[in-house]
Every structure is written in C-alpha cells, then in structure tokens.
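For reference, the chains in residue letters:
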Amino acid sequence: MSKRAGIGFYIFLAIFVFLVMFPFIWVFLTSIKPVGEIFTSFSWFTKSPTLSSYEAALTNRPLLRYMLNSFVVSSLTTVLAVGCAAFAAYAVTRLPIKGKGIFLGVVLAASMFPQIAIISPIFNLVTDLGLRNSYIGLVIPYITISLPLSIWVLSTFFHKIPFELEESAKLDGASPFQTFRKIIFPLATPGIFTTAILVFIAAWNEYLFALTINSDDTWRTVPVGISMYQSEFSIPWGDISAATVIVTVPIVVLVLLFQKRIVSGLTSGSVKE
C-alpha cells in the first residue's frame, strides 16, 4: 500500500514552486503596471492594470522580427546539431571503433571552453565567409556549443538499447545505416526529442554570439533585441518586462505540450539493465 504525502510535503512544494516562479511572476506583474507606478511603488499588485507596456514592446522595437529570427536560428541549430550528434553517438556506442574514450574525452573538453574564449576565431571565420548578419552566421557557432552536449546525452540513450536487436538486424542482412534508421533511431526517439528541446532552448536564449555576429537590427535575436529596449536617459522596464513575457510564453507552451515526451526522455536513459 502506497503512503500518501503529508501536508508538509505540499507546503514545501508550494514554497519551492513559488521561489522558482518568483522572477517570472514579478516580471509579469511589472508588465501590467502603469509606467509611473513601476518606479514609485514597490507593491505587488496595481489598482489600475494596463497593457500599454505590451503595446509599446511591440511597436517601439521589432519584437516579432526578433522572435522570428530566434525561431529560425534555433530550429536550424536543433535539426543540424541533433542530426549530426545522432550519427556520432551511434558510431561511438554501437560500432567497433577504436579510440571511443578519447573521442568522448575530446568532445567533453570542447564543451568546457567558455564562449568568450572562442568568440574571436569564430567571429573571424564568420566574417571571412561573409556570413555576418545572417542566419547561417549564427547557426555555425551555435552548433559548435550545442554539438558536444548533444553527443554526450544521445550516447547515454543509445548505449541503453539492447545490442541483441542490432545483432539480429545484422543476421538479416541489414547495413549499419539501415540498423540505425529502422531500429536504433526509433527506439531512441524519447532521448532525441529531449535533446532537441534542450538544444532549442539553449539556442533561443544565447546572447554573446548573437550580439557579436549579428549587429544589424534586422537580424537580431530575442535576447539581444530585448537588451536594446533602452533610451539615452532611462530604461523602460515596463517594455522590457512585457517583451520578456511575450517571448517566454512560446517556450513555456512548447514545454507544456511535450512534457510527457520530455519526462520520458529524461527517465528512459536512467533504467538499469
């Protein structure tokens, strides 16, 4: 008979959720306050809520254009990074290749480099290729920072798939690519889906490369675009808060829609054989 959680657990859970959600709650409450009240009052709620900050966020800066840029760059990065990582992880975990440990060690070492340490050579590369102020110019460095993590995560999922399935496919005359496409890839779908979500969110929130490579306002992404909500003498916190809410909602909806697949992917690789 399972033991039900006590009231203390729910109190702790409520406090934990409140602490985690506090920044977003405060940003949302700030976004619906009149501009004058943001700087003069420290109260949680306002007696005269308004959507003027949302209107200003959408009209003063091309926020929808920023969101489109982020969506395109994040989507391209996710498809390319996860696709390449899937082949690399399959080769490392399933094929008889020498030096697998060295390869994974190099991948892990590459993921430890801070972005500021590699931004100079990447900036020079993108400039020499004539890819500044373009989607591909951001996809290249984004793949550089997301590919190592993707390979490590997918290697865990591929390693958990029984090798007997692969041996049976070989006996039936399947090539390594056919085995990967028809057996390994479908079984690792939860892990691939989870990795794709993580890569997409990381690319959506990236700031340093987006600030350096795409300096044209037409090609800016969401994090850089929101940082441009400022004037010479003041910072429009109402506009910034409203813009933050607008760009956060799609990610929250995405996670909520696919939460079952995400949880399945996060737990499928933790089952002991």
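Criteria and thresholds
Residues numbered from 1 in each chain as written. Predicted model: local features only at pLDDT ≥ 70, side-chain atom pairs only at ≥ 80, totals over all residues. Heavy atoms only, no water. Patch = residues over 30% accessible without salt bridge, like charges linked within 9 Å, V, L, I, M, F, W, Y side chains within 5 Å. Areas by Shrake-Rupley, 256 points an atom, 1.4 Å probe, with all protein chains shown as cover. Salt bridge = Lys/Arg side-chain N within 4 Å of Asp/Glu carboxyl O. Helix = DSSP H or I, 4+ residues; strand = E, 2+ residues; numbered from the N terminus. Buried < 20%, exposed > 50% of the residue type's maximum accessible area, 1.4 Å probe, protein only. Axes fitted to C-alpha atoms, helices over the stretch in contact; angles between N-to-C directions. Parallel < 35°, antiparallel > 145°, perpendicular 65-115°, else oblique. Contact = heavy atoms within 4.5 Å. Nonpolar A, V, L, I, M, F, W, Y, C, P; charged D, E, K, R; others polar. Phe/Tyr/Trp six-rings, centres within 6.5 Å; stacked < 30°, edge-to-face > 60°. Lys NZ or Arg CZ within 6 Å of the ring centre and 35° of its normal. UniProt positions renumbered as here; feature names shortened; annotations may be inferred.

Undergrad: How would you summarise a nonpolar patch on the surface if you had to cite specific residues and measurements?
TA: On the surface, a nonpolar cluster with roughly 920 Å² of combined accessible area is contributed by Ile7, Ile11, Ile15, Phe18, Leu19, Phe22, Trp26, Trp44 and Phe45. In this fold, Phe18 is placed in helix α1 (residues 7–31). A relative accessible area of 38% means that Phe18 is categorised as partly exposed.

Undergrad: Give me the packing of helix α3 (residues 52–59) against helix α13 (residues 237–257): which residues, what numbers.
TA: Two elements in contact, α3 and α13, have axes separated by 8 Å at closest approach and are oriented at 80°. By the angle class used here, α3 and α13 are roughly perpendicular. Residue-level contacts link Ser53, Tyr54, Ala56, Ala57 and Leu58 of α3 to Gly238, Asp239, Ala242, Ala243, Val245 and Ile246 of α13. Broken down by class, the residue content of the contact of α3 with α13 amounts to eight nonpolar, two polar and one charged.

Undergrad: How would you sum up the side chain of Ser241? Please name residues and give values.
TA: Here Ser241 lies in helix α13. Given a relative accessible area of 8%, Ser241 falls into the buried group. Ser241 has contacts with Val27, Thr30 and Ser31, leaving out every residue within four places of it along the chain.

Undergrad: Please provide a residue-by-residue account of the pattern of salt bridges, values included.
TA: Considering all chains together, one arrives at two salt bridges under this definition. Residues Arg61 and Asp217 are paired through a salt bridge, measuring 2.9 Å at the closest nitrogen-oxygen approach. Placement of the pair is Arg61 in the loop between α3 and α4 (63–94) and Asp217 in the loop between α11 (208–213) and α12 (222–227), with a sequence separation of 156 residues. In this structure, Arg220 and Asp217 form a salt bridge, with 2.8 Å as the shortest nitrogen-oxygen distance. On the accessibility criterion, Asp217 (24% relative accessible area) is partly exposed.

Undergrad: So what's going on with the packing of aromatic side chains? Which residues, and what values?
TA: Within the structure shown, the criterion is met by seven aromatic pairs. On the basis of an interplanar angle of 80° and a centroid distance of 4.9 Å, the ring pair of Tyr135 and Trp219 is categorised as edge-to-face. Taken together, the positions of Tyr135 in helix α7 (residues 135–160) and Trp219 in the loop between α11 and α12 put the pair 84 residues apart, joining distant regions of the chain. Feature note: the residues Phe18, Phe22 and Trp26 constitute an aromatic cluster, connected by ring pairs. Over the ring of Trp26 we find Lys33, and its NZ or CZ is 5.1 Å from the ring centre. In this arrangement the basic side chain of Arg65 is found over the ring face of Trp219, its NZ or CZ atom lying 5.6 Å from the centre.

Undergrad: Talk me through the UniProt feature "transmembrane region" (unreviewed entry) in the protein chain; I want residue IDs and the actual numbers.
TA: Within this numbering scheme, the UniProt entry marks residues 7–29, 66–90, 102–123, 135–158, 183–204 and 240–258 as carrying the feature "transmembrane region" (unreviewed entry). Secondary structure over residues 66–90 splits into 100% helix and 0% strand, and the C-alpha atoms at its two ends are 36 Å apart. Along residues 135–158, the helical share is 100% and the strand share 0%, with 31 Å between the first and last C-alpha atoms.

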